[in-house]
Amino acid sequence: MLVARGEQIALERYVMRAEDADLMKWWAGYCESLGHLDSARHCYESAGDHYSLVRVACFANEAERAGAIVNESRSAAGAYHLARHLEGRGEVSAAIQYFAKSGCYNHAIRLARQYQLDTDLMQFSIKARPSLQVDCAHYFEHKGEFEKAVQLYQKGGELAKALDLCFKVGGAGRTEIFEVLANISDDLKNTTASPAVVARCAEFFVEHRQFDKAVKLYIVGGRYSRAIALCLEHHVMITDELAEALTPAKAEKANEKAETITGPASSVVSEEQRVQILLELARVCKKQNSFQLACKKFTQAGDRSRALKCLLRSGDTKNIIYYASISRHREIYILAANYLQSLDWQSGSDAAAELTKKIVDFYTRAHAYDSLAAFYDAYAQMEIDEFRDYEKALGALKESREQLERLRKGADRDRRISALDTRIKIISDFVEIRHCEDSDPKRMVEMCTALLERHDAESANRSVDLCCQP
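Residues numbered from 1 in each chain as written. Predicted model: local features only at pLDDT ≥ 70, side-chain atom pairs only at ≥ 80, totals over all residues. Heavy atoms only, no water.

Caption draft 1: How the structure looks around the overall build of the chain. Within the chain, the regular secondary structure consists of 29 helices and zero strands. When burial is assessed residue by residue, the chain has 43% of its 470 residues classed as buried. As displayed, the chain has an accessible area near 25,000 Å², and 49% of this comes from carbon and sulfur atoms. (Helix = DSSP H or I, 4+ residues; strand = E, 2+ residues; numbered from the N terminus. Buried < 20%, exposed > 50% of the residue type's maximum accessible area, 1.4 Å probe, protein only. Areas by Shrake-Rupley, 256 points an atom, 1.4 Å probe, with all protein chains shown as cover.)

Have a look at this one:
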């Protein structure tokens, strides 16, 4: 009504006071139709109509201003309008960027292909819908840019075409395609690719001596034994991470995994097969001198004896003691104790004392009375030879005799106990001689003389110690 009566000023006041967005847009359009672009911009801005602001800026050939509005507002409609405007002006690169900002990748791709702007084409093809990705893959394949073509075939869901192209190009000697194929192979475990496809990829890598990549693919295909054999044959070092990948899941966990994975990674092995694979893996780790890793895999396979033997070769005493302590296995206790005897348990230090305690503890847990008797005997001799401590030596020999008593009766046992009794008697007499040094020197001399005259005295103590008594 106010327009019909020509009362524009009153109408403008009414619109401004109303603060209604739709009314403000209407007034902006009215001002625009009259060519009052500044008033129109003000009203469009008040109404938050960024698309119209871009349109007005383009109409006024103010592309930079339109770009600033799009960048600030992120208006998809505004970006598309600006892109069409820039395309009309021949500013192709800028138009491509704004088509992409609007989400219209098909137009960005159209222009990039038309003007052979392959960098932009690849950039926006990756974000486009699958049909466009495959179409662009054909384009790059015909241009001989096979790495880009393979990537787009894969993104577009044409995995078979991507792999065929890799095999074709790689077979022709273009080694750069190996990395592209490796990226595809990393995704195979999340796809429905058949085991045959995975195996073909692995064989391709083997043919071209890319053994580390082939190992990963054999794992994806569930061919653990083949992967392990490849590591051994071609010196692929088995790291902690690779060892875990080469370890099949237990049957119940594998079944749970199979319910959610339809690809080749859902391969399930029986418990017997799993144990065999673990043993194969452990043997290869051992041959590669990865003794702690071999120990872990032998343990998982249930072969604790060979597990500890690997750990012994690593020389990690702390872990050896820990492993033996938790194993509760007689043979392992004996192996650990035997190993500890090869260390410096005779120095008299605190560390040596701890080793001695562990040796005794392990032999005791194993009920290895013969070995324990021999150790106490060696300990007694060490006390005499190194420290001339006959009291401790006597105690150790008595412990040795006690362990021999626990053995089954037999001629050898009785012979050893008899020999030990003789040594215990000689050392007991020598200890008594030392005690007589202050209280009865005469008796001490008589006892020393008698002991020196015994033909077997040297077997228990050193004659020099007897002669050195005052």
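Caption draft 2: Inspection of the confidence of the model for the chain at higher detail. Looking at the chain, the pLDDT average stands at 84 and 80% of residues meet or exceed 70. Every residue in residues 261-266 is under pLDDT 50, and counting partners more than four places away or in other chains gives 16 contacts. In this model residues 466-470 is a low-confidence stretch, pLDDT under 50, and it forms 14 contacts with partners more than four residues away in sequence or in other chains. (pLDDT = per-residue confidence, 0-100. Contact = heavy atoms within 4.5 Å.)

Caption draft 3: View of the packing of helix H21 (residues 304-314) against helix H22 (residues 317-327). Running from amino to carboxyl end, H21 crosses H22 at an angle of 165°, the nearest separation of the two axes being 10 Å. Looking at the two axes, H21 sits roughly antiparallel to H22. Like other packed secondary-structure pairs, H21 and H22 cross with a definite hand, here left-handed. In contact with Arg304, Ala307, Leu308, Leu311 and Leu312 of H21, H22 contributes Asn319, Ile320, Tyr323 and Ser327. (Axes fitted to C-alpha atoms, helices over the stretch in contact; angles between N-to-C directions. Parallel < 35°, antiparallel > 145°, perpendicular 65-115°, else oblique. Left-handed = near helix turned anticlockwise from the far one by under 90°.)

Caption draft 4: Broad picture of unusual backbone geometry. If you check the backbone angles, Arg74 has positive phi at about 60° while not being a glycine. For Arg74, a relative accessible area of 75% translates into the label exposed. Here Arg328, not a glycine, exhibits a phi torsion of approximately 55°, which is positive. Position of Arg328 relative to the elements: it lies in the loop between H22 and helix H23 (330-341).

Caption draft 5: Structural detail: the environment of Ala324. Here Ala324 shows up in helix H22. Taking the relative accessible area as the measure of exposure, Ala324 reaches 0% and is therefore buried. Along the backbone, Ala324 and Ala336 are twelve residues apart, and their C-alpha atoms lie at a distance of 6.4 Å. If we ignore the near neighbours within four places in the chain, the residues touching Ala324 are Ile332, Tyr333, Ala336 and Phe362.

Caption draft 6: Representation of the pattern of salt bridges. Across all of its chains, the model carries 24 salt bridges by this definition. In this structure, the salt-bridge partner of Arg226 is Glu233, at a minimum N-O distance of 4.0 Å. Residue Glu233 is classed as partly exposed on the basis of its relative accessible area, which comes to 48%. One salt bridge in this structure joins Lys357 and Glu354, with 3.8 Å as the shortest N-O distance. Separated by three residues within a single helix, Lys357 and Glu354 lie in helix H24 (residues 350-365), roughly one turn from each other. A relative accessible area of 56% places Lys357 in the exposed class. The class for Glu354 is partly exposed, based on a relative accessible area of 44%. (Salt bridge = Lys/Arg side-chain N within 4 Å of Asp/Glu carboxyl O.)

Caption draft 7: Up close: helix H11 (residues 146-155). Burial in H11 covers these residues: Phe146, Ala149, Val150, Leu152 and Tyr153. Phi turns positive, to about 90°, at Gly157, one or two residues after H11.

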